[in-house]
Each structure stands twice: as C-alpha cells, then as structure tokens.
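Spelled out, the chains give:
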Amino acid sequence: MAKKLHYFNLNALGESIRYILHYTKQEFEDIRHDRETWPKPEIKENLPYGQFPLYEEGEKVLHQSLAIAKYVARNTDLIPVDPWLQAVAESTAYTIYDFWQKLMAYRREKDPEKQKQLKKELFEETIDFFFSRLEKQLSENGGYFTGKLSWAEFVLCGIVEASNLILDTEIEKKYPTIEAVIEKIRNLPGVKEYIASRGTYVLPKIK
Ligand SMILES: N[C@@H](CCC(=O)N[C@@H](CS)C(=O)NCC(=O)O)C(=O)O
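Criteria and thresholds
Along each chain, the written sequence defines residue order, and numbers are assigned to residues from 1. Only residues with pLDDT of at least 70 get local features here, since the model is predicted, and only at 80 or more are side-chain atom pairs given and counted; chain-wide, interface and lining totals rely on the full set of residues. The side-chain figures draw on all heavy atoms in the structure; neither hydrogens nor water molecules are used. Between the N-to-C directions of two axes lies an angle of 0 to 180 degrees, each axis being a line fitted to C-alpha atoms and, for a helix, fitted only over the stretch in contact. Elements are defined by DSSP. Helices are runs of H or I of four residues or more, strands are runs of E of two residues or more, and each kind is numbered from the N terminus. An angle below 35 degrees is read as roughly parallel, one above 145 as roughly antiparallel, one from 65 to 115 as roughly perpendicular, and any other as oblique. Contacts are residue-level and defined by heavy atoms, with any inter-residue pair within 4.5 Å sufficient. In this count, Pro and Cys sit with the nonpolar residues alongside Ala, Val, Leu, Ile, Met, Phe, Trp and Tyr, while Asp, Glu, Lys and Arg are called charged and the others, Gly among them, polar. Definition of nonpolar core: a set of buried residues of the types Ala, Val, Leu, Ile, Met, Phe, Trp, Tyr and Cys, connected through side-chain atoms within 4.5 Å. When a residue's accessible area, from a 1.4 Å probe over protein chains only, is under 20% of the maximum for its type it is buried; when over 50% it is exposed; and in between it is partly exposed. Lining residues are those with an atom within 4 Å of a point, where the points come from a 1 Å grid over the protein atoms alone and group into cavities, where a 1.4 Å probe fits but cannot get out, or pockets, open sets with protein on both sides within 12 Å along at least five of seven lines. Grid points are joined across faces, edges and corners, and a volume is the space filled by probe spheres set on the points. Within 6.5 Å between ring centres, the rings of Phe, Tyr and Trp (the latter by its six-membered ring) count as paired, and their orientation is classed by plane angle as stacked under 30 degrees, edge-to-face over 60, tilted in between. Think of it as a cone above the ring: NZ of Lys or CZ of Arg counts as a charge over the ring if it is within 6 Å of the ring centre and within 35 degrees of the ring normal. UniProt positions are given in the numbering used here, feature names are shortened, and annotations may be inferred rather than shown by experiment. Two joining distances apply to patches: 9 Å for like charges and 5 Å for nonpolar side chains (Val, Leu, Ile, Met, Phe, Trp, Tyr), and every residue must have over 30% relative accessible area and no salt bridge. Under the convention used here, a 1.4 Å probe and the Shrake-Rupley method define accessible areas, while residue burial counts only the protein chains that appear. Every case where a carboxyl oxygen of Asp or Glu lies within 4 Å of a side-chain nitrogen of Lys or Arg is listed as a salt bridge. We treat Lys and Arg as the positive residues and Asp and Glu as the negative residues; His and chain ends play no part in the count. We put the charge of a Lys on NZ, of an Arg on CZ, of an Asp on CG and of a Glu on CD. Strands qualify as paired when DSSP identifies two bridges or more between them.

Undergrad: I would appreciate a short explanation of the packing of helix H4 (residues 83-108) against helix H6 (residues 151-167) in the present structure.
TA: Any two packed helices are characterised by how steeply their axes cross, that is the angle between the axes, and by the distance between the axes. It is the contact of H4 with H6, at a shortest axis distance of 9 Å, that shows an interaxial angle of 10°. Taken together, the axes of H4 and H6 are roughly parallel relative to one another. Mapping the contact onto sequence places Ala89, Glu90, Thr92, Ala93, Ile96, Tyr97, Phe99, Trp100, Leu103, Met104, Tyr106 and Arg107 in H4 and Trp151, Ala152, Val155, Leu156, Ile159, Ala162, Ser163, Ile166 and Leu167 in H6. In terms of residue class, the contact of H4 with H6 is made up of 17 nonpolar, two polar and two charged.

As structure tokens, then:
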C-alpha cells in the first residue's frame, strides 16, 4: 500500500517520523510543503485539522505526529515488547512534547519583551528541567529510555534538532547520554544516508 508523509520542508514534528521510516526501510513518498507560502487554503481546508504532519496509507489518513511516529514504528523492534515499557516510551514522548510546547510559546510570542523573557526562562530553567530528567532516565536504563532503542529516542532526536535550529544552540552538549543517543540515531543505517541526502533546514519566518 502506498505510504505518503506530508510535512513542511522542515525538521520539527515530521523529522522523527522520517527517521523511523528510513531506519525501518519502509518506502514512502516524502511530500514537503513550503512553509513560506503556507497557508494554502486549497490544501489546509482539506486537512483533518488544518495541520501537518499527515500520513497516508492507501485511502487512510492519520494526523498527530506522535500517533504517526508510533504507528510507523509498529511491527518493528522500536516498540518495546513489554506493555509497561510501551507505556513508558509513550509517556517519554509526551514529556518531550511538553518541552516542545514551551518552546513554541516562545517562538510564537509576538511581543519582543515577552519573547525575551520566555527565552531567558527557557535557557535558565526549562531546558534543564526537562533535559536533566531525560538524561537521568536514559543513563539509568543503559542509554535508552526503556532499556533498548525505541521510537521515543527518535522523537527526542527530532525535537532536539528542531529546538537547536530555533534557539541556535546545541542542547545535547550539556547532557552526555542524550548526546550519545542522538549521535547513535543519526548514524543508524537508513537514517545516516537520509541525513546525507537531505538539504539543510532553514527556520521559516513566523507570520
Ligand atoms: N499536535 C499536532 C500539532 C501539529 C502542528 O502544530 N503542525 C504545525 C507544523 S509543526 C502546522 O501544521 N502548522 C501550520 C498551520 O497550523 O497552519 C501534531 O503533533 O501533529
């Protein structure tokens, strides 16, 4: 069945899905929409909730990036066998997205003074709040959130890369276990070749 992933030509919420699809050697059409010319009403109005990413399999469509990431990881070793560990992987992915929401609040803030304050909070509190805990979870479980590589580490990698682009930083540098697992994902077969072939991402303007 034909698989298609629609997202912007950007890392953010789509890249972990692309990484999982490449690592698990699933053929898919990587459809990239232009963020700079978005919104295109003729496309947006036909999306279930007006947003990307959107995943198609034959006639079926799925939205919500975490649901898509988990779905494309099914039937692979990226889903823990143990139901408890499946839930731990999922709760970790939601936690990583809690951080992303805080980052988005900063990115979308239109008032320059408020945005400056939000950036200060991110660098002085929020980043360390989340990433020191994620680091601890990884280091207590052999370098992975659930004891072995799962889809949650792919979500981490996608969000860290996108956050670095937004904040012009390298969050992982202060967290050695996070840095190691990101490096591991970036060098996985399929992912490594994809990264080498993709272009460089440029941060779109906020409208
Ligand atoms: N909770 C959704 C959020 C999706 C979302 O925020 N998509 C953004 C891009 S990252 C989007 O499509 N923005 C364009 C718009 O809203 O028109 C998910 O995880 O998939």
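Now that the structure has been shown, the text picks up again.
Undergrad: What should I look at first to understand the nonpolar core in this one?
TA: A general tendency of soluble globular proteins is for nonpolar side chains to be buried together. In this structure, Phe99, Trp100, Leu103, Phe131, Trp151, Phe154 and Leu156 are the most contacted members of the largest nonpolar core, which totals 64 residues. At 11 residues, the largest contribution of residues to this core is made by H6. With residues near it in sequence (within four places) discarded, Phe99 still touches Leu122, Thr126, Ile127, Phe130, Phe131, Ile159, Ser163 and Ile171.

Undergrad: What's the story with the layout of surface pockets in this structure? I'm lost.
TA: Over the atoms rolls a probe the size of a water molecule, and its path tells where empty space is left. The volume enclosed by the largest pocket comes to roughly 870 Å³. Taken together, 33 residues form the lining of the largest pocket, with Leu13, Arg35, Gln51, Phe52 and Arg108 sitting closest to its centre. Breaking the lining of the largest pocket down by element, the ones donating at least two residues are strand S1 (3-8), H4 and H6. Sorting elements by how many residues they give to the lining of the largest pocket places H4 first, with six residues. Residue classes in the lining of the largest pocket are distributed as 19 nonpolar, seven polar and seven charged. The computed volume of the second largest pocket comes to approximately 350 Å³.

Undergrad: Any chance you could explain the packing of aromatic side chains here in plain terms?
TA: Two numbers describe a pair of aromatic rings. These are the distance of the centres and the angle of the planes. One pass over the full model with this rule turns up 11 aromatic pairs. Ring geometry for Phe8 and Trp38: centres 5.3 Å apart, planes at 75°, overall edge-to-face. In this pair, Phe8 sits in strand S1 while Trp38 sits in the loop between strand S2 (29-33) and helix H2 (41-44), placing the two residues 30 residues apart along the sequence. Put simply, the rings of Phe99, Phe129, Phe130, Phe131 and Tyr175 touch in pairs and so form one group of aromatic residues. Here Arg74 stacks its cationic end above the ring of Tyr71, 4.0 Å away from the centre of that ring.

Undergrad: It is not clear to me how the UniProt feature "domain: GST C-terminal" (unreviewed entry) in the chain should be interpreted in this structure. Could you clarify?
TA: In the numbering adopted here, UniProt assigns the feature "domain: GST C-terminal" (unreviewed entry) to residues 82-207. With 71% helix and 0% strand, the stretch residues 82-207 has end C-alpha atoms that lie 44 Å from each other.

Undergrad: Explain the environment of Phe129 here, please?
TA: Here Phe129 shows up in helix H5 (residues 112-140). Among the residues examined, Phe129 registers a relative accessible area of 41% and is labelled partly exposed. A C-alpha to C-alpha distance of 9.2 Å links Phe129 and Phe99, two positions 30 residues apart in sequence.

Undergrad: In this structure, what is going on with a positive patch on the surface? I would like to understand it.
TA: On the surface, Arg35, Lys44, Arg108 and Lys207 cluster together into a patch of positive charge. Within the secondary structure layout, Arg35 lies in the loop between S2 and H2. Judged by its relative accessible area of 33%, Arg35 is partly exposed.

Undergrad: Is there a simple way to think about the pairing of strand S4 (residues 60-63) in this case?
TA: Remark: a regular strand shows side chains that alternate across the two faces of the sheet. Inspection of the sheet shows strand S3 (residues 54-57) paired to S4 by four bridges, in the antiparallel sense. When the bridges of S4 are listed, Tyr55 appears paired with Leu62. Where S3 hands over to S4, the hairpin turn is made up of two residues, of which Gly58 adopts a positive phi near 60°.

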